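Spelled out from the first residue to the last, the chains are:
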Amino acid sequence: MGWDAVSGRFTPPARLAVIGDPIGHSRSPQMHNSALQACGIDAQYIRVQVPVGRVAEAFRQFAKCGFLGVNITIPHKFEALDAVDELDPLARQLGAVNTLAIRDGKLHGYNSDGPGFLRSVKVAFGADVKDLRVLILGAGGGAGRAVAVQSALSGCQKLQLVNRSQAKAETVASEIQALGGCPDVSVVPWDDDDLRDALANTDLIVNATSLGMKPNDSKLLPADALQARHLVFDMVYRAGGETPLLADARQAGARTVDGLTLLLHQGAISFEHWFDRPAPLEVMRAGLQKAVME
C-alpha cells in the first residue's frame, strides 16, 4: 500500500484523505487503511496538506478525482462549513464540519466531534453525558464549541465553559442557551480560585485546548483541585506518554481517557458515513495503537 513509482499512482487508488495545515502528524491513515484492508475495500486513505483559504478548491478537486470522502482537521473545520453542498443539521448546530462524504459529485458535510465525544465518554467511563456536570477548557474553539453544544443538546446536568478569551466563551454560552437542552450554562474565568470552585461542582472535565501536546506546555488546572471522583477527558494525545493533565488526574485517583479514544470513534463515524456499514472498530483500534508506537 502506498505510491507506485512505476505507474505514478497510489496502489490501491487514493479515495479518502485527511486535510489540515500541517497534516504530517496525523495517525488517521494507519487507522483507516487497516479498516479498508480488513473490509476488502480497494481504496487508500492519504494525508493532504491544504493551505488556509483553499478548502473549497480542494473539495472540488477531490470530487473530480473520484474520492469518496475526506476528514478535516485544524485549522479547516470552519472553512469546510461553507464549502459543502449539503450540511447535516447536527454539523450546523455544532458550527463546524470535520467529515466530508462525496456522493454523485455532491459534497455532504458532517461533524463527528460531538457524536464521537458521546461515544468516547460512554465507552471509557460507562457514563452518559446527560447525567453529568461538565466543565470544558477551551470552549471557544472548534472542538471545544462542538463538545459544549453536544453536551447541552444531550441534556447534561450543568455546563461550565472556560476559555482564555472569556468573550468567546460567553458567545458560545449565548448560542447554547438559545438552543436549549441544558438550562444551567455558565462561563468560568480562567484563574485558579475560580477553577477550584467550579471543579467542586463538576463530574466530567474536558480539555479541548491543544495544551499538553508538548512536554513543556503550561498546566491547565491546579493539581490540588482534581479529585478521585472526577472523570478527566483530554482531547489531546501524546505518543511519548500521558499529558500533564492526565498525569495529575491519575495521581489524584481520577479516571482518565486521552484523545486517541476520540480519534478512534470519530474515525468509526466517518467510516459509517462513507460506506453505510458498521466500522471494524477493533481493527481500527489496532491500527491506531500500532501507529502511536512507531
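Below you will find a few notes about this structure. (Residues numbered from 1 in each chain as written. Predicted model: local features only at pLDDT ≥ 70, side-chain atom pairs only at ≥ 80, totals over all residues. Heavy atoms only, no water.)

Attention shifts here to the overall build of the protein. Summing up its helical and strand segments, the protein has 11 helices and 14 strands in all. The C-alpha atoms of the protein give 19 Å as radius of gyration, which agrees with the globular expectation for 294 residues (19 Å, within 12%). Taking the principal axes of its C-alpha atoms as reference, the protein extends roughly 60 × 40 × 30 Å. Put simply, the protein has 294 residues, and 51% of those count as buried. A separation of at least 24 residues holds for 68% of the contacts in the protein among residues at least 6 apart in sequence. Total accessible area on the protein stands at roughly 12,900 Å², and carbon and sulfur atoms take up 50% of it. Averaging the locations of the 29 positively and 32 negatively charged side chains of the protein gives two centres separated by 4 Å. (Helix = DSSP H or I, 4+ residues; strand = E, 2+ residues; numbered from the N terminus. Rg over C-alpha atoms; globule rule 2.2 N^0.38 Å. Buried < 20%, exposed > 50% of the residue type's maximum accessible area, 1.4 Å probe, protein only. Contact = heavy atoms within 4.5 Å. Areas by Shrake-Rupley, 256 points an atom, 1.4 Å probe, with all protein chains shown as cover. Lys, Arg positive; Asp, Glu negative; His and termini not counted. Charge placed at Lys NZ, Arg CZ, Asp CG, Glu CD.)

Pairing within the open sheet is parallel, and its 6 strands lie in the order 11-10-9-12-13-14. Either end of the sheet is taken by a strand with one partner, and the two such strands are strand 11 (185-188) and strand 14 (255-257). Averaged over all pairs of adjacent strands, the angle between their axes in this sheet comes to 20°, without regard to strand direction. Judged from the 4 bridges that link them, strand 10 (residues 158-162) and strand 11 form a sheet pairing that is parallel. Residue Leu159 lies in a different strand from strand 11, and its bridge partner there is Val185. The sheet contacts of helix 7 (residues 166-179) involve strand 10 and strand 11, and relative to strand 11 the element is tilted by about 180°. (Pairing = 2+ DSSP bridges. Axes fitted to C-alpha atoms, helices over the stretch in contact; angles between N-to-C directions.)

What follows is about the packing of helix 5 (residues 113-125) against helix 6 (residues 142-153). At a minimum axis distance of 8 Å, the contact between helix 5 and helix 6 shows a crossing angle of 65°. Between helix 5 and helix 6 the crossing geometry is right-handed. Of helix 6, the residues touching helix 5 (which contributes Asp113, Gly114, Pro115, Phe117 and Leu118) are Ala143, Ala146, Val147, Gln150 and Ser151. Here the residues of the contact of helix 5 with helix 6 are counted per class, giving 6 nonpolar, 3 polar and 1 charged. (Left-handed = near helix turned anticlockwise from the far one by under 90°. Nonpolar A, V, L, I, M, F, W, Y, C, P; charged D, E, K, R; others polar.)

What follows covers helix 11 (residues 281-293). Helix length check: helix 11, at 13 residues, gives a terminal C-alpha distance of 19 Å against a target of 18 Å (1.5 Å per residue), a fit within 8%. Among the structural elements, helix 1 (28-38) and helix 10 (259-275) are those in contact with the buried residues of helix 11. (Expected span 1.5 Å × (residues − 1).)

Attention shifts here to the pattern of salt bridges. A full pass over the atoms with the stated rule returns 15 salt bridges. Across the pair Lys158 and Asp184 runs a salt bridge whose closest N-O atoms are separated by 3.2 Å. Placement of Lys158 in strand 10 and of Asp184 in the loop between helix 7 and strand 11 is noted, with a sequence separation of 26 residues between them. Its relative accessible area of 30% is what places Asp184 among the partly exposed residues. Residue Arg196 pairs with Asp224 through a salt bridge whose shortest N-O separation is 3.1 Å. Separated by 28 residues along the polypeptide, Arg196 in helix 8 (residues 192-199) and Asp224 in the loop between strand 12 (204-207) and strand 13 (231-234) bring together distant segments of the chain. Overall, Arg196 belongs to the partly exposed group, its relative accessible area being 33%. (Salt bridge = Lys/Arg side-chain N within 4 Å of Asp/Glu carboxyl O.)

Glancing now at the pairing of strand 13. Residues Leu231 and Phe233 line one face of strand 13 and the alternating positions Val232 and Asp234 line the opposite face, and both faces are buried. As paired elements, strand 12 and strand 13 share 4 bridges and run parallel to each other. Note on strand 13: the bridge partner recorded for Asn207 is Asp234. Here strand 13 pairs with strand 14 via 3 bridges, running parallel. What sits directly across from Phe233, in strand 14, is Val257.

Counting 33 residues, the largest nonpolar core has Ile136, Leu159, Leu161 and Leu204 as its most contacted members. Listing elements by their share of this core, those giving two or more residues are helix 5, strand 9 (133-137), helix 6, strand 10, helix 7, strand 12 and strand 13. In terms of residue count, helix 6 provides more of this core than any other element does, 6 residues in total. Beyond its immediate sequence surroundings of up to four residues, Ile136 is in contact with Gly144, Val147, Ala148, Ser151, Leu159, Gln160, Leu161, Val162, Val206 and Ala208. Of all hydrophobic cores here, the second largest spans 22 residues; its members include Ile23, Met31, Ala101 and Ala279. (Core = buried A, V, L, I, M, F, W, Y, C linked by side-chain atoms within 4.5 Å.)

The mixed open sheet is built from 6 strands, whose spatial order is 4-3-5-7-8-6. Edge strands, defined here as strands with exactly one partner in the open sheet, are strand 4 (44-49) and strand 6 (86-87). Two strands pair when backbone bridges link them, and strand 5 (residues 69-72) and strand 7 (residues 99-103) are joined in this way by 3 bridges, in the antiparallel orientation. Each residue of the ladder has a partner; that of Asn71, found in strand 7, is Thr99. Against the sheet, helix 1 engages strand 3 (14-20), strand 4 and strand 5, with an angle of about 160° to strand 4. Against the sheet, helix 10 contacts strand 3, strand 4, strand 5, strand 7 and strand 8 (106-110), and its axis sits at roughly 10° relative to strand 7.

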